[in-house]
Amino acid sequence: MPSLLSLYRKILFGRKPGWDQQPLPNIYVQAPNVVLSKEKIRQYAAVCGFEYDGVVLPPTYLYVWAFRLHAMIFTHKAVTFPLLGMLHLKNSISVFRPVRADEILTIQCELSTSRTTDAGLEFELVSKVLVGEELVWQALSTYLYRIGSTGRRARPPKASEMAWENVQQWRLTDDLGRRYAKASGDYNLIHLHPLLSKRFGFERVLAHGMWSKARALSQLMIFIGERPFQVDVEFKLPVFMPSEVTFAFESIENGKRFEMRDVKGRRPHLQGSITYL
C-alpha cells in the first residue's frame, strides 16, 4: 500500500491547473496481499470509540486503507484539479460479514462516474475489499469539486425531523485530529494544527468527516452485532475543534437513523442511517 505522507506531499503542494472541463476517465487501482497492524487497529478503535476484541475489525477501519487508493487516484495526471477544491459529500459503507484482523485482503478502488452539477463536478469512487474471491466490504464515496459561484449564499442545512431524545454530548479536544491521523495514517494538514489549517483558509482545526462517521457508528454497534448492514451518511456542516457536539438516534424500519449536531442541537454536522441487509 502507498504511503499517505508521500501522496499528501503531491496532493497539498503539487500544482494542478484546475478542471479542464473534461469528464473524468475511469481509473482503477488494486492492492493485493494487504496485511493489517493490530496495534494500529487498537489505536483507531480507541480514538473512534469502538470496542475492539482483537479479532473483528471496526467496520469503518477498512476505509482508511481504501483512502490510500483514493489518494493515488487524486494524484493521477488525468485529475487536473487540486484536492483542496474538493468536498466529501456522502459516504456509504456495506459490510457483508465481519472482517477479521488477521485476514489477508485485496483492496480495489475505481473512479467510476462523474457528472457536472450546479455546484461543480461531482464524482464517485467505489472501493471493495475481498478475502480471496469473497467480497466482504464495499464503500461508495461521493466527492464534489466546486466550480465558480452563483453569487447566492447557500442556506445552512437544517436538522431533520427525527425525535431529538436521549441526546449524548461529546467533547472534541484540539488534539483529536492528530490522534486520528496517528491511528489512520491520514495526515491531512487541515485536521492537525491551527497554524496548518490557517494556511489553507480555515481559522480552526477541522475534525475528519470519517472520524465523525466512525464515532457515530461506534454507538450503534450494540444493535448491529454480526449481521450484514449498510451505513450511509451525508456530511453537512464542518466540525471545528475544540468544540462540543451532540448525537442521537432513533429506530426506523429495518435499521436506525442518527445525527450529529451542534451543541444546541439545531444544525447538523452529519446525517445518516443504518439498514440491515
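Scoring rules and cut-offs
Residues numbered from 1 in each chain as written. Predicted model: local features only at pLDDT ≥ 70, side-chain atom pairs only at ≥ 80, totals over all residues. Heavy atoms only, no water. Helix = DSSP H or I, 4+ residues; strand = E, 2+ residues; numbered from the N terminus. Buried < 20%, exposed > 50% of the residue type's maximum accessible area, 1.4 Å probe, protein only. Contact = heavy atoms within 4.5 Å. Polar contact = N/O pair within 3.5 Å; in protein donor to acceptor, adjacent residues only side chain to side chain. Pairing = 2+ DSSP bridges. Axes fitted to C-alpha atoms, helices over the stretch in contact; angles between N-to-C directions. Salt bridge = Lys/Arg side-chain N within 4 Å of Asp/Glu carboxyl O. Parallel < 35°, antiparallel > 145°, perpendicular 65-115°, else oblique. Left-handed = near helix turned anticlockwise from the far one by under 90°. Nonpolar A, V, L, I, M, F, W, Y, C, P; charged D, E, K, R; others polar. Arc of directions from axis to C-beta. 1 Å grid on protein atoms, 1.4 Å probe; cavity = no way out; pocket = protein on both sides within 12 Å on 5 of 7 lines; lining within 4 Å. Points joined across faces, edges and corners; volume = space filled by probe spheres on them.

- In the annotation of an unreviewed UniProt entry, the protein chain is listed under the name Dehydratase and assigned to Shewanella livingstonensis.

1. Focus: the overall build of the protein chain
Thought 1: The helix and strand tally for the protein chain stands at seven helices and 12 strands.
Thought 2: The buried share among the 277 residues of the protein chain stands at 50%.
Thought 3: If you take every contact in the protein chain between residues at least 6 apart in sequence, the share linking residues at least 24 apart comes to 72%.

2. Focus: the side chain of serine 243
Thought 1: Mapped onto the secondary structure, serine 243 falls in strand E10 (residues 243-252).
Thought 2: Separated by 2.5 Å, the side chain of serine 243 and the backbone oxygen of phenylalanine 240 make a polar contact.

3. Quick look at the sheet that holds E10
Thought 1: Taken in spatial order, the 10 strands of this open sheet run E1-E3-E4-E5-E2-E8-E12-E11-E10-E6, and their pairing is antiparallel. Of all the strands in the sheet, just strand E1 (27-34) and strand E6 (168-172) have a single pairing partner and so form its edges. The mean angle between the axes of side-by-side strands here comes to 15°, regardless of whether they run parallel or antiparallel.
Thought 2: Looking at chain direction, strand E4 (residues 120-131) and strand E5 (residues 134-146) are connected through 12 bridges and run antiparallel. Residue pairing in the sheet places valine 129 in a bridge with tryptophan 137 of E5.
Thought 3: Sitting on the sheet, helix H3 (residues 61-74) touches E1, strand E2 (86-95), strand E3 (105-116), E4 and E5, and the angle it makes with E3 is about 55°.

4. Looking at the pattern of salt bridges
Thought 1: According to the stated counting rule, one finds 10 salt bridges in the structure shown.
Thought 2: The residue glutamate 103 makes a salt bridge to arginine 100 at a minimum N-O spacing of 3.7 Å.
Thought 3: Residue classification places arginine 100 among the partly exposed positions, given a relative accessible area of 38%.
Thought 4: Arginine 115 is the partner of glutamate 124 in a salt bridge, and the nearest nitrogen-oxygen pair spans 3.3 Å.
Thought 5: Salt bridges sharing partners connect three or more residues here, namely Arg97, Arg100, Asp102, Glu103 and Glu134.

5. Things to note about the packing of helix H2 (residues 38-48) against helix H4 (residues 176-184)
The geometry of a pair of packed helices is captured by two quantities: the angle between their axes and the separation between those axes.
Thought 1: Two numbers describe how H2 lies on H4: the axes approach to 8 Å, and their chain directions differ by 150°. Judged on the interaxial angle alone, H4 and H2 are roughly antiparallel. The handedness of the crossing between H2 and H4 comes out as left-handed. Together, Lys40, Gln43, Tyr44, Val47 and Cys48 of H2 and Leu176, Arg179, Tyr180, Lys182 and Ala183 of H4 make up the contact between the two elements.
Thought 2: Here the contact of H2 with H4 is composed, by residue class, of six nonpolar, one polar and three charged.

6. Examining H4
Thought 1: Among all positions in H4, only Leu176, Gly177, Tyr180, Ala181, Ala183 and Ser184 are buried. Projected down its long axis, H4 carries its buried residues within an arc of 165°, all on one side.
Thought 2: In this structure, the buried residues of H4 make contact with H2, H3, E6, helix H6 (209-218) and strand E9 (240-241).
Thought 3: Looking one or two residues past H4, glycine 185 carries a phi angle of roughly 80°, positive in sign.

7. Focus: the environment of alanine 31
Thought 1: Among the secondary structure elements, alanine 31 is positioned in strand E1.
Thought 2: Considering only alpha carbons, one finds alanine 31 and alanine 66, 35 residues apart in sequence, at a separation of 9.4 Å.
Thought 3: When neighbours within four sequence positions are excluded, alanine 31 is seen to be in contact with Met1, Leu69, Leu105, Thr106 and Ile107.

8. Focus: H2
Thought 1: When H2 is considered as a whole, its buried residues turn out to be Ile41, Tyr44, Ala45, Val47 and Cys48.
Thought 2: Just beyond H2, the residue with positive phi is glycine 49, at close to 90°.

9. A word on the layout of surface pockets
Thought 1: What the second largest pocket holds in volume is close to 390 Å³.
Thought 2: Residue lining of the second largest pocket: 20 residues in total, with Val56, Leu57, Pro59, Met221 and Gly225 positioned closest to the centre.

10. Details of the pairing of strand E12 (residues 268-276)
Thought 1: Burial analysis of E12 places seven of its nine residues in the buried class, which makes it a mostly covered element.
Thought 2: Pairing between strand E8 (residues 229-235) and E12: seven bridges, direction antiparallel. Residue pairing for E12: valine 231 is matched across the bridge by isoleucine 274.
Thought 3: As paired elements, strand E11 (residues 255-262) and E12 share seven bridges and run antiparallel to each other. Of the residues in E12, the one forming a bridge with methionine 260 is leucine 270.
Thought 4: Two successive antiparallel strands, E11 and E12, enclose a turn made up of five residues, where glycine 265 displays a positive phi of approximately 75°.

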